Amino acid sequence: MIHIDPVLKEIAHIFSAHQKKVYLVGGAVRDMLRKKSAHDWDLASDALCDEVCLMFRRVVKTGIKHGTVTVLYKGHAIEVTTFRTEADYTDGRRPDTVQFTATIEEDLSRRDFTMNAVAVDLVSGKISDPFDGAEDIKKKIIRCVGNAEDRLSEDGLRSLRALRFSSVLNFTVDDAILAAIPRALGVTAKVSSERIRDEFEKIILSQKPSLALNLMAQTGLTRMLLPELADCIGVEQKGYHHFDVHTHSVLACDYAAKQQASKEVRLAALLHDIGKPQAAKLDERGIWTFYNHEKISARLVRDMLFRLRFPNGVIDKTVHLVAEHMFHYEDEWRSAAVRRFIARVGEENLEDLFALRSADTFGMAGIEPDPRSLLPLRLRIEDVLAKSCVLSLKNLAVNGSDLLSMGIPTGKRIGIILNQLLEAVLEDPELNTRGKLLEIAGKLG
Ligand code: ATP
Ligand code: MG
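No experiment lies behind these values; they were computed from the predicted model shown.

Q: Please clarify how the pattern of salt bridges should be interpreted in this entry.
A: Pairing between side chains becomes possible if they bear opposite charge and their charged atoms approach one another. The full count for this structure, using the stated rule, is 32 salt bridges. Between Asp283 and Arg285 there is a salt bridge, with its nearest N and O atoms 2.6 Å apart. Relative accessible area serves as the criterion here: at 63%, Arg285 is assigned to the exposed category. Its salt-bridge partner being Arg372, residue Asp370 comes within 3.1 Å of it at the nearest N-O pair. The class for Asp370 is partly exposed, based on a relative accessible area of 36%. Through salt bridges with shared partners, one network takes in Arg151, Glu154, Asp155 and Arg158.

Listed below in structure tokens is the structure:
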């Protein structure tokens, strides 16, 4: 018997007072059986949306077309869906027709994986598990409800969901699913970019993205959804590196995940080298070189993340990290060089860039990077920051309107001159006075 939250018991009471059945379904049951706490509750019921609306004071009609409403109850937002037989197919071919049905068993049969097709009767506490989902959860295996090829070609998102769950839950994907994914690629191609992005993002944010990423490469999903990354498969790079570019990138991403790095660092770790296939040249000694690959990578990452409809803030930050990932510090750097480095990277991005460097280093040979390797640069940065030098336009002693009132016309020119003044101040912090900067601006203008 499973422990049921008292709030869910209260809700069950309300349903049974109206002679309705109500079950906890989906991820919450899966998580309970894994002895993990659930992050949200999905309920299934024979009550129709209108009936649920009458039972509770606050109900939001979040998906009436699919039989779903959201009940707001004691601080919880609980999705209640009427038993039905059809899923929301995302292949772009089938109409989203929904057939309501009488039993929980029929409702469970429309669900994607056995681990997601277990229901708990909230009134009796009994478990409904017609597809042996509890056993699969115990064995940590992801299997389709019914025939894998049929189920994956009904809904193109399921292929990616299977691999996403493997990364998030650390489960094995059944061979039947792996065999069916390549055959269902045509259906997956029709899924909207936003839904693909949501799954990709969950993979990137999981504890071990490599579990899904390697299976994506193996089944052709990478080739279809992230072709720039697929081009890295088999691209060899001898020298410091032990692995081809794809393996290196996936290892780097895993390391970023292990360090619990931000989404942008994880994306940058996976994508920082996608310019290498285009930049690759054999030198006269027969060694592969990849000069300026970071510039090509940055451009390709922008295109890819834009295509996947990531928000601009995520795109800009990831692209910036990728573009700067090749920084190379030497003890001979003058303080001006350290100041220019901070100004270029941005003080707020330094930690992320260093996290990316650690991930990149790990990806070269799969060996834990020496935490002391960035220490000399970090110390120099500390030193510069302690002196509160000017490191960005906002701390310059003059601004755009000062230049305007000097008679410099509005437009691009102002920005260019301000940046030249910043360059001058980064070289010599003593120049950061209004008088001196206006004098220089006069000469530049
Ligand atoms: P999580 O919320 O942790 O990502 P979840 O299993 O709750 O996992 P949801 O996307 O919230 O996943 O969906 C809830 C349930 O609805 C799933 O457990 C599954 O039973 C069913 N489901 C969701 N998407 C599909 C789909 N594409 N095909 C079939 N069933 C699905
Ligand atoms: Mg859920």
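Q: Which parts of the structure should I look at to understand the packing of helix α14 (residues 245–258) against helix α20 (residues 350–365)?
A: When two helices pack together, their arrangement is given by the angle between the helix axes and the distance between those axes. Across the interface, α14 lies against α20 with an axial gap of 7 Å and an inter-helix angle of 130°. One finds that α14 runs oblique with respect to α20. α14 and α20 meet at a crossing whose hand is right-handed. On the side of α14, the interface is formed by His248, Leu251, Ala252, Tyr255 and Ala256, while α20 contributes Ser358, Ala359, Asp360, Phe362, Gly363 and Met364. A breakdown of the residues in the contact of α14 with α20 according to their chemical character gives seven nonpolar, three polar and one charged.

Q: Please clarify how the packing of helix α23 (residues 412–427) against helix α24 (residues 434–444) should be interpreted in this entry.
A: Relative to each other, α23 and α24 sit at 130°, their axes nearing to 10 Å. As judged from the angle between their axes, α23 and α24 are oblique. Like other packed secondary-structure pairs, α23 and α24 cross with a definite hand, here right-handed. On the side of α23, the interface is formed by Arg413, Ile417, Gln420, Leu421 and Val425, while α24 contributes Leu437, Ile440, Ala441 and Leu444. Partitioned by chemical class, the residues of the contact of α23 with α24 number seven nonpolar, one polar and one charged.

Q: How should I be thinking about the side chain of Lys276 in this particular structure?
A: By the secondary structure assignment, Lys276 is in helix α16 (residues 276–279). Assessed through its relative accessible area of 6%, Lys276 is described here as buried. Within the local environment of Lys276, its side chain forms a polar contact with the side chain of Gln237, the two groups lying 2.6 Å apart.

Q: How should I be thinking about the pairing of strand β4 (residues 68–73) in this particular structure?
A: When a strand is regular, its side chains alternate between the sheet's two faces. Within β4, five of the six residues are buried, leaving the element largely enclosed by the surrounding structure. Of the strand pairs in this sheet, strand β3 (residues 59–63) and β4 are connected by three bridges, and their pairing is antiparallel. Its bridge partner lying in β4, Val60 is registered against Thr70. The hairpin formed by β3 and β4 contains four residues between the paired strands, and Gly67 there has a positive phi angle of roughly 80°. Strand direction decides the pairing type here: β4 and strand β5 (residues 76–82), joined by six bridges, are antiparallel. Residue pairing across strands places Tyr73 opposite His76, the latter belonging to β5. In this antiparallel pair of consecutive strands, β4 and β5, the connection spans two residues, and Lys74 shows a positive phi of 45°.

Q: So what exactly am I meant to see when it comes to helix α8 (residues 175–183) here?
A: In an α-helix, one turn spans 3.6 residues, which is why side chains three or four residues apart end up on the same side. For α8, the set of buried residues is Ile177, Leu178, Ala180 and Ile181. Angularly, the buried residues of α8 cover 170° about the axis, an arc narrow enough to put them on a single face. With respect to the buried face of α8, the exposed residues turned more than 90 degrees away are Asp175 and Arg183.

Q: Help me out: how do you make sense of the sheet that holds strand β6 (residues 119–121) in this one?
A: Strand pairing in a sheet relies on backbone hydrogen bonds, with the paired strands running either antiparallel or parallel. Read from one edge to the other, the open sheet built from seven strands follows the order β3-β4-β5-β2-β1-β6-β7, with strand pairing classed as mixed. Two strands lie at the open edges of the sheet, namely β3 and β7 (127–128), each paired on one side alone. One ladder, built from two bridges, connects strand β1 (residues 22–25) with β6; its direction is antiparallel. Directly across from Tyr23, in β6, lies its bridge partner Asp121. Sheet strands in contact with helix α1 (residues 6–17) are β1, β2 (42–45), β4 and β5, and its direction is about 120° off that of β4.

Q: Before we go on, may I ask you to explain the site of ligand 1 in this structure?
A: Of all residues adjacent to ligand 1, which total 15 residues, the nearest are Arg30, Asn116, Asp155, Arg158 and Arg164. Here Arg30 contributes a side-chain N or O atom positioned 2.7 Å from an oxygen atom of ligand 1. Between ligand 1 and Asp155 there is a distance of 2.8 Å, counted from a nitrogen atom to a side-chain nitrogen or oxygen. For ligand 1, whose accessible area on its own is 580 Å², the fraction buried by protein is 80%. For the shell around ligand 1, the element with the most residues is helix α7 (residues 157–169), which contributes four residues.

Q: Hey, could you run me through the environment of Leu211 in this one?
A: Structurally, Leu211 is set in helix α11 (residues 209–219). A residue is classified by how much of its surface remains accessible, and Leu211, at 27% relative accessible area, is partly exposed. In sequence terms Leu211 and Val250 are 39 residues apart; their C-alpha atoms lie 9.4 Å from each other. Beyond its immediate chain neighbours, meaning those up to four positions away, Leu211 contacts Ser166, Ser167 and Asn170.

Q: Help me understand the side chain of Thr114, please; the structure alone is not making it clear to me.
A: Inspection of the secondary structure assignment puts Thr114 in the loop between α4 (104–109) and β6. We classify Thr114 as buried; its relative accessible area is 1%. If we skip the residues at most four places from it in the chain, Thr114 touches Phe131, Gly133, Asp136, Arg143, Cys144 and Val145.

Here is what the cut-offs are and how they apply
Residues numbered from 1 in each chain as written. Chains lettered and ligands numbered in written order. Predicted model: local features only at pLDDT ≥ 70, side-chain atom pairs only at ≥ 80, totals over all residues. Heavy atoms only, no water. Salt bridge = Lys/Arg side-chain N within 4 Å of Asp/Glu carboxyl O. Buried < 20%, exposed > 50% of the residue type's maximum accessible area, 1.4 Å probe, protein only. Axes fitted to C-alpha atoms, helices over the stretch in contact; angles between N-to-C directions. Helix = DSSP H or I, 4+ residues; strand = E, 2+ residues; numbered from the N terminus. Parallel < 35°, antiparallel > 145°, perpendicular 65-115°, else oblique. Left-handed = near helix turned anticlockwise from the far one by under 90°. Contact = heavy atoms within 4.5 Å. Nonpolar A, V, L, I, M, F, W, Y, C, P; charged D, E, K, R; others polar. Polar contact = N/O pair within 3.5 Å; in protein donor to acceptor, adjacent residues only side chain to side chain. Pairing = 2+ DSSP bridges. Arc of directions from axis to C-beta. Near = heavy atom within 4 Å. Areas by Shrake-Rupley, 256 points an atom, 1.4 Å probe, with all protein chains shown as cover.

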